[in-house]
Amino acid sequence: MEISITQALPAELKQKPDENALGFGAYFSDHMFVMRYNDGKWHSPAISKYGEFSLDPAAMVLHYGQAIFEGLKAYRGKDNKTYLFRPKENLARLNRSAQRMCMPELDIELVYKGISTLLGIDRDWVPSAPGATLYIRPTMVACEAGLGVRPAKEYLFFTILSPVGAYYPEGFNPVKIFVTDKYVRAVRGGVGEAKTAGNYAASIMAAVEAQSQGFTQVLWLDACDRQSVEEVGTMNIFFVIDDEIITPPLNGSILPGITRESVIQLCRDQGRTVTERAITIDEVFQANDEGRLQEVFGTGTAASISPVGSLFHKDRECCINHCNTGPLSQQLFDDLQAIQYGYKEDPYGWVSCLGD
Ligand code: COI
């Protein structure tokens, strides 16, 4: 399918923000990639000026929440080229989310072509400042007007680009995490493993409460006994106990993170022991009491590798590695960034280079 391109006029191009004060998700580039679905097929792929959509008030996404998205990043290498990290893995996950939410799947090659063409047009938006990247947000929503609860027959797919800095205000410094047993994020058989908007909506109240008490994020426990660790709202979680790297298994209620999978592979290839198994919050605190908990860190596209300095659960505080970044978190951050920015050879074929 041919992708039509209508570029903004030079006078319509936006002023670029200060790359050293981007925050996360506050600015958007000049163009976007849009496609529509009806009569059982995707059609009219187009790149055009970034701008508003008009939606019918009965658009089904506004009522029943058929909305899925992805998050990936474009990195500017020292050679000025643009690098993407495992982009087709994100698109494959988008299709798995689509299946779960009864939404139509996308042609991964076509979407990849649309996104790489969009990045070519908006390449000046890929920041060069240290730690800054261009966040890519492919999204699909149900736009058919209708109030019956059923899969919509019409969808809108779009991709927008946002220059971003670190996701957390702490940057790469250790974050303070609140372990909630008041709220749950997802249940087995639910939609926890789909990247669907409702999962994030459901997480906001716990995050607001935690932030009002000075915490950065919430760690979710399983919905049944509120003991097994699941994930942090915007990242997967890893514990290092007695030199074993432990992360909860993908049991259906956890988001299957691409950074998570990459970190598991990097660690195993460095000869480290990684175990995907259920781990309870009591086990974590006990390991800390016994001096065996060495590090805790989160992984995610937005968060990259985020060291956890302390965990709070039921009035108990567990301070990890004296609340400092541990050596493994630091090494994984460096190793991953070196691959993502094209600084070092990528033995895995994870990186796509889009030219300059
Ligand atoms: C990401 O890591 O890309 C996410 O989607 C997490 C969050 C910003 C929603």
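Only a predicted model underlies this, so the values are computations on that prediction, with no experimental measurement involved. Along each chain, residues carry numbers from 1 onward, in the same order as the chain's sequence is written. Reporting of local features is limited, given that this is a predicted model, to residues whose pLDDT is at least 70; pairs of side-chain atoms are given and counted only at 80 or more, and all residues count toward the totals for whole chains, interfaces and linings. Remark: hydrogens and water are excluded; side-chain values derive from all non-hydrogen atoms of the structure.

Visitor: How do you make sense of the pairing of strand S16 (residues 304–313) when you look at a structure like this?
Guide: Residues in a regular strand point their side chains to alternate faces of the sheet. Only protein chains enter the calculation, and the probe is 1.4 Å; a residue is then buried if its accessible area is under 20% of its type maximum, exposed if over 50%, and partly exposed in between. The numbering of helices and of strands both runs from the N terminus, where a helix is a DSSP run of H or I of at least 4 residues and a strand a run of E of at least 2. Counting buried residues in S16 gives ten out of ten residues, a clear majority hidden from the surface. The pairing of strand S9 (residues 175–180) with S16 spans four bridges and is classified as parallel. Counterpart to Val175 in the pairing with S16 is Val308. When DSSP locates at least two bridges between a pair of strands, those strands are taken to pair. As defined by bridge partners, strand S15 (residues 293–300) adjoins S16 across four bridges and the pair is classed as antiparallel. When the sheet's bridge partners are listed, Gly300 is paired in S16 with Ser304. Counted between consecutive antiparallel strands, the loop separating S15 from S16 contains three residues. As paired elements, S16 and strand S17 (residues 316–319) share four bridges and run antiparallel to each other. Considered in S17, the bridge of Phe312 is made with Glu317. Between the antiparallel neighbours S16 and S17 lie two residues, among them Lys314 with a positive phi of about 45°.

Visitor: So what exactly am I meant to see when it comes to the packing of helix H5 (residues 258–269) against helix H7 (residues 327–340) here?
Guide: Two measures define how a pair of helices packs: the angle their axes make with one another and the distance between the axes. Lines are fitted to the C-alpha atoms to define the axes, a helix being fitted only along its stretch in contact, and any angle between axes, read from their N-to-C directions, falls within 0 to 180 degrees. In contact at an axis separation of 11 Å, H5 and H7 are set at 110° when each is read in the N-to-C sense. Looking at the two axes, H5 sits roughly perpendicular to H7. Residue-level contacts link Thr259, Ser262, Val263, Leu266 and Cys267 of H5 to Leu332, Asp335, Leu336 and Ile339 of H7. Classification used: nonpolar for Ala, Val, Leu, Ile, Met, Phe, Trp, Tyr, Cys and Pro, charged for Asp, Glu, Lys and Arg, polar for all others including Gly. Among the residues making up the contact of H5 with H7, the classes are represented as six nonpolar, two polar and one charged. Comment on the angle field: the value is read as roughly parallel under 35 degrees, roughly antiparallel over 145, roughly perpendicular from 65 to 115, and oblique elsewhere. Contacts are residue-level and defined by heavy atoms, with any inter-residue pair within 4.5 Å sufficient.

Visitor: Please clarify how the side chain of Ser116 should be interpreted in this entry.
Guide: Secondary-structure assignment places Ser116 in helix H3 (residues 108–121). Polar contacts, as counted here, are pairs of nitrogen or oxygen atoms within 3.5 Å of one another; within protein the pair requires one atom able to donate a hydrogen and one able to accept it, and residues that are adjacent in sequence qualify only if both atoms are side-chain atoms. Separated by 2.6 Å, the side chain of Ser116 and the backbone oxygen of Tyr112 make a polar contact.

Visitor: Sorry, what's going on with H3 here?
Guide: In an α-helix, one turn spans 3.6 residues, which is why side chains three or four residues apart end up on the same side. Spanning 14 residues, H3 covers 20 Å between terminal C-alpha atoms, matching the ideal 20 Å at 1.5 Å per step. Along H3, the residues that are buried comprise Leu110, Val111, Tyr112, Gly114, Ile115, Ser116, Leu118 and Leu119. Between a side-chain oxygen at the N-terminus of H3 and the backbone nitrogen of Glu109 the separation is 3.0 Å; the capping residue is Asp107. Take the number of residues in a helix, subtract one, and multiply by 1.5 Å to get its expected span.

Visitor: For this particular structure, what's the right way to read the nonpolar core?
Guide: Side-chain atoms within 4.5 Å link the members of a nonpolar core, which is a set of buried Ala, Val, Leu, Ile, Met, Phe, Trp, Tyr and Cys residues. Residues Met140 and Phe157 are the most contacted members of the largest nonpolar core, which totals 42 residues. Apart from the residues within four sequence positions on either side, Met140 is in contact with Trp42, Gln66, Ala67, Ile68, Ala98, Met103, Pro104, Leu106, Tyr155, Leu156 and Phe157. Core analysis: the next-biggest nonpolar cluster, separate from the first, contains 25 residues, Leu221, Ile279, Ala287 and Val308 among them.

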